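A closer look at the structure
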Amino acid sequence: MKVTVFGTGYVGLVQGAALAEVGHEVCCIDVDPAKVAALEEGVIPIYEPGLDRLVQENAAAGRLTFSTDPAHGVAHGRVIFIAVGTPPGADGGADLSHVLAVAQTVGERMEAPRLVINKSTVPVGTEAAVRARIAEALAARDRAELDFDVVSNPEFLKEGSAVADCMRPDRIVVGVTRDDSEALLRELFAPFNRNREKMIVMDPRSAELTKYAANCMLATKISFMNEIAAIADRLGCDIEAVRQGIGSDPRIGYHFIYAGAGYGGSCFPKDVKALIHTARAAGCEPHVLRAVEDRNADAKTAIFEKMQAHFGARFGERGLKGRTIALWGLAFKPNTDDMREASARVLMEALWQAGATVQAYDPQAMEETQRIYGSRDDLRLCGTKEAALSGADALVVMTEWRMFQSPDFEAVREALSEPVLFDGRNLYDPERMQGHGFTHYGIGRGARA
Ligand code: NAD
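Residues numbered from 1 in each chain as written. Predicted model: local features only at pLDDT ≥ 70, side-chain atom pairs only at ≥ 80, totals over all residues.

1. Regarding the domain arrangement of the chain
Quick note on the threshold: Residue ranges assigned to each domain were obtained from an automatic or database domain assignment. Two residues qualify as being in contact provided that their C-beta atoms, derived from the backbone, are within 7 Å of each other. Each residue is assigned to one class: nonpolar for Ala, Val, Leu, Ile, Met, Phe, Trp, Tyr, Cys and Pro, charged for Asp, Glu, Lys and Arg, and polar for all the others, Gly among them.
Under the domain assignment, the chain is made up of domain 1 (2-202) and domain 2 (247-448). When each unit is reduced to the centre of its C-alpha atoms, the spacing between domain 1 and domain 2 is 34 Å. Counting residues at the interface gives 15 residues for domain 1, matched by 15 residues for domain 2. Looking at side-chain class alone, the side of domain 1 that touches domain 2 contains 8 nonpolar, 5 polar and 2 charged residues.

2. Regarding the nonpolar core
Our working rule: Note on terminology: a nonpolar core is any set of buried Ala, Val, Leu, Ile, Met, Phe, Trp, Tyr and Cys residues joined through C-beta atoms within 7 Å. Here exposure depends only on C-beta density: within 10 Å of a residue's C-beta, 20 or more other C-beta atoms make it buried, 12 or fewer make it exposed, and intermediate numbers make it partly exposed, the C-beta atoms being placed from the backbone. Helix numbering and strand numbering both begin at the N terminus, where a helix is a DSSP run of H or I of at least 4 residues and a strand a DSSP run of E of at least 2.
Counting 124 residues, the largest nonpolar core has Val14, Leu327, Ala394, Leu395 and Val396 as its most contacted members. Here this core takes 9 residues from helix α9 (residues 204-235), the largest share from any one element. A domain-level breakdown of this core finds at least three residues from each of domain 1 (2-202) and domain 2 (247-448). Residues contacting Val14, with those up to four places away along its chain left out, are Glu48, Leu51, Leu157, Ala162, Val163 and Cys166.

3. Re the UniProt feature "active site" (unreviewed entry) in the chain
Operational definition: UniProt positions are given in the numbering used here, feature names are shortened, and annotations may be inferred rather than shown by experiment.
Annotation from UniProt places "active site" (unreviewed entry) at Cys267. Residue placement: Cys267 occurs in the loop between α10 (239-247) and α11 (268-281).

4. Side note on helix α13 (residues 343-353)
Listed as buried for α13 are Ser343, Ala344, Val346, Leu347, Met348 and Leu351. In this fold, the buried residues of α13 make contact with α12 (287-315), β9 (324-328), β10 (357-361) and β12 (394-397). Positive backbone phi, approximately 90 degrees, marks Gly355, located one or two places after α13.

Here you go:
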């Protein structure tokens, strides 16, 4: 099938490449000429495991092409995906300007029937808004007779495993009303729907809400555990023991119940905000979602507060001023270079405010950090995790990359001027760390000297 994808970010590029891999003829359109030029050269602008091979092989086979020309995109695809960004607007609601710009383009250019599939995360009612925008643009050209349909198909991939998630989705949610559109979707997604029925068909508004409900449920799990961790800290309990104790109940389960330095990324923070906005606009006060946000804001500053308390006790008013802090992990989670709303950013900015210098290492997100913060005296980006330790007064871990899980603790202790470890992701066992001679601070684990 001929497919066009508008937007070559984490979602559009991965979806486009996955569809090409199973044999569809895919054209990816983006408004960013630098991104398109890079992709045409086989350079992948984001880090996502397995994506470079998928893109390069399918581009070489001629099944995956890139362009900045929207007219070409609309002419190419019988089905047209919208996979552009929906950042938070000034009022917390999703900014739909990019989504509606694509709808406008489709209405202005289409010459034959088109199925528009909205993959961006959008508030309830957007399918109707996209439909209205296309219809208006067609009417303005006196082409109202041209047939088109708009369906909702939210994306559930996870950054860091986006290719695997897209090639083997656990569900394909579609919000569709017309039988012929559902049939086309079934044909398009058939290669991803083979071993069992994964397609969950519903009305478009419910499909739109499903995406927000999924992300908000996951954010709630994290904030809930961070709340219990904050309580555990005050009471001298160990959140890791509590986690295992509750996870063994199948009604709760072990997935996604780790305490840590808060959630970040491009999705959870903006989607919780957007659903709060949607709920209020619908006259429903979102008590739980508000608390999820509040707890996450506290979780993002918890490690800094522990550092302030530690260095305040050691150096009085000077506290963190003039200290050098080794930071392992910048990305908002492992296996990505994405720094959007990363907890490490909140920490670094607080450390700088307090007069500390940061020596940071991340396997993928250093370039992005450099791009965001530029050159500054109080940020040293180091080539290895070992180099980040040299002469530092403490180590703080903010992203649970595998390579941070079992370092040579003796070497870490020797490189630091003081053996203090702030563990923002509860990677290390406090008693073992004590055995290695560290003062260890975790999340919900108490400090052990
Ligand atoms: P992104 O910011 O990485 O990419 C969006 C791309 O769209 C950019 O390359 C931008 O240049 C391009 N674009 C903007 N306007 C355009 C236009 N008019 N025509 C063509 N291209 C245009 O965003 P993303 O992370 O891929 O997310 C896209 C959508 O998918 C968002 O709504 C997001 O909430 C949702 N989503 C994201 C994830 C994720 O993990 N990143 C997961 C599921 C859903």
